[in-house]
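These are the residues of each chain, in order.
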Amino acid sequence: MATTDSGYDRLAEQKAFSASKAGVKGLVDAGVKELPRMFHAPPHFLNGRPPAPAGDPEFSVPVIDLAGARDDHDPEERKRIVQKISAKWGFFQIVNHGVPTSTQNKIKAGTHRFFNQDAEAKKEYFRAEPMSKVVYTSNYGLYTAPVAYWSDVILFNMAPEPPEPEQIPACIRENVQEFSEEISKVGGLMFELLSEALGLASNHLKEEMGCAEGMGLACNYYPHCPQPELALGITHHTDIGFITVLSQDHVGGLQVVHRGHWVDVPPVPEALVVNIGDMLQVHV
């Protein structure tokens, strides 16, 4: 809707934001003190479900230790790990996954370097098409979603055909390549374990179904918000792929719905978060 009460022109605000190609970080750099109205989340978005009961172990996101999950380890230990993965959450955290802490720290630092550049340095990567090799944008659903989200993203479509190195911003290039290689290994292991949890051969999801053939790396950035009580970094959603493997920073804020409640997914040092996506649920 272009115009609402008091003469507010939402469409004009959306167009101005999009045309700036500066994203949410651009608003922060401009010194915005009040949240633009298109970012005001409806109350039911903020309070639609109750939080999980404090301290209830039934609402604690599982943390699974993958030590011993490799093929060359004790097969009985691998079976025990598979049994934990087959729990009904759809979300869990993994430790001892093999991705060095330094690699996780470097991709986060590279993300900050990219978004903290001058707006002009970022604009050449601004795209409206999410399937481009490298896409910097803010709010894909700007004109269709009921609220704009306080976040920017740079997305790298790394498989099956990765971008050429020179297509990746120099300030994050090595970090993207290193992190993608490590996460690809984790994804392969997770598909093996998930296959076994489903009672299938370990190579079923990865090789028979080709679940690991595509991979996108999204570096999400949530700058300081002047009125965080009014905004959302992103709304409730499900991921459309087979699995998502997420490296959180120390700030937190990620939540998952479990038994009708919002459950915090607290940052665990060195852990990765695994989310079962729509495609995996549909195809198996």
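Refer to the structure above for everything that follows.
As the structure is a prediction and not an experimental result, all values here were calculated from the model.

Trainee: Could you give an account of the pairing of strand β9 (residues 272-276), with specific residues and numbers?
Mentor: Most of β9 is tucked away, with five of its five residues classed as buried. Taking every second residue as pointing to the same face, both faces of β9 are buried, with Leu272, Val274 and Ile276 on one and Val273 and Asn275 on the other.

Trainee: Describe the packing of aromatic side chains, naming the residues involved and giving the relevant values.
Mentor: Each aromatic ring pair is characterised by the separation of its centres together with the angle its planes make. For the coordinates displayed, the defined rule picks out eight aromatic pairs. Ring plane angle 85° and centroid distance 5.7 Å describe the contact between Phe17 and Phe39, whose orientation is recorded as edge-to-face. Of this pair, Phe17 sits in helix α1 (residues 10-20) while Phe39 sits in the loop between α2 (23-29) and α3 (43-47), and the two are 22 residues apart along the sequence. Taken as a pair, Phe17 and Phe39 share a single burial class, namely buried. Ring geometry for Phe115 versus Tyr136: centroids 6.0 Å apart, planes at 65°, classification edge-to-face. Of this pair, Phe115 sits in helix α5 (residues 101-115) while Tyr136 sits in strand β3 (residues 134-137), and the two are 21 residues apart along the sequence. In this structure an aromatic cluster arises from ring pairing among Phe114, Phe115, Tyr125, Phe126, Tyr136 and Tyr221.

Trainee: So what's going on with helix α4 (residues 75-85)? Residues and values would help.
Mentor: Among the residues of α4, Arg78, Ile81, Val82 and Ile85 are the ones counted as buried. Mapping the buried residues of α4 onto a view down its axis gives an arc of 100°, with all of them on the same face. Looking at the buried side of α4, the elements it contacts are β1 (63-65), β2 (91-95) and α7 (173-197). Where α4 begins, the side chain of Asp74 points an oxygen toward the backbone nitrogen of Glu76, at a separation of 3.0 Å.

Trainee: Report on the side chain of Arg78, specifying residues and quantitative values.
Mentor: Topologically, Arg78 is positioned in helix α4. Arg78 sits in the buried class, given a relative accessible area of 7%. Apart from the residues within four sequence positions on either side, Arg78 is in contact with Gly68, Ala69, Arg70, Asp71, Leu189, Glu192, Leu193, Glu196 and Ser202.

Trainee: Account for the pattern of salt bridges, naming residues and giving values.
Mentor: Taken as a whole and judged by the stated rule, the model has ten salt bridges. As a salt-bridge pair, Arg78 and Glu196 come within 2.6 Å of each other at their nearest N and O atoms. Of this pair, Arg78 sits in helix α4 while Glu196 sits in helix α7, and the two are 118 residues apart along the sequence. Using a relative accessible area of 26% as the deciding quantity, one classes Glu196 as partly exposed. A cluster of three or more residues bridged by salt bridges with shared partners is formed by Arg78, Glu192 and Glu196.

Trainee: Describe the packing of α5 against α7, with residues and values.
Mentor: Between α5 and α7, the least distance of the axes is 9 Å, while the angle of their chain directions is 140°. Our classification of the angle between α5 and α7 gives oblique. The way α5 lies across α7 gives a crossing that is left-handed. Residue-level inspection shows Thr103, Gln104, Lys106, Ile107, Gly110 and Arg113 of α5 in contact with α7, the latter providing Asn175, Val176, Glu178, Phe179 and Glu182. For the contact of α5 with α7, the class distribution of residues is three nonpolar, four polar and four charged.

Trainee: Go over the sheet that holds β3 with me, naming the residues and quoting the values.
Mentor: With antiparallel pairing, the three strands of this open sheet are ordered in space as β3-β4-β5. Unpaired on one side and paired on the other, β3 and β5 (215-221) mark the two borders of the sheet. The sheet shows a mean angle of 15° between the axes of neighbouring strands, direction not considered. Bridging between strand β4 (residues 152-159) and β5 involves seven bridges; their strand directions are antiparallel. Pairing of Val153 across the sheet is with Asn220, part of β5. Set on the sheet, α5 makes contact with β3, β4 and β5; between it and β5 the angle comes to about 60°. Docked against the sheet, α7 engages β4 and β5, running at close to 125° with respect to β5.

Thresholds, definitions, all that
- Residues numbered from 1 in each chain as written.
- Predicted model: local features only at pLDDT ≥ 70, side-chain atom pairs only at ≥ 80, totals over all residues.
- Heavy atoms only, no water.
- Buried < 20%, exposed > 50% of the residue type's maximum accessible area, 1.4 Å probe, protein only.
- Helix = DSSP H or I, 4+ residues; strand = E, 2+ residues; numbered from the N terminus.
- Phe/Tyr/Trp six-rings, centres within 6.5 Å; stacked < 30°, edge-to-face > 60°.
- Arc of directions from axis to C-beta.
- Contact = heavy atoms within 4.5 Å.
- Polar contact = N/O pair within 3.5 Å; in protein donor to acceptor, adjacent residues only side chain to side chain.
- Salt bridge = Lys/Arg side-chain N within 4 Å of Asp/Glu carboxyl O.
- Axes fitted to C-alpha atoms, helices over the stretch in contact; angles between N-to-C directions.
- Parallel < 35°, antiparallel > 145°, perpendicular 65-115°, else oblique.
- Left-handed = near helix turned anticlockwise from the far one by under 90°.
- Nonpolar A, V, L, I, M, F, W, Y, C, P; charged D, E, K, R; others polar.
- Pairing = 2+ DSSP bridges.

Nothing here speaks to function; it is geometry throughout.
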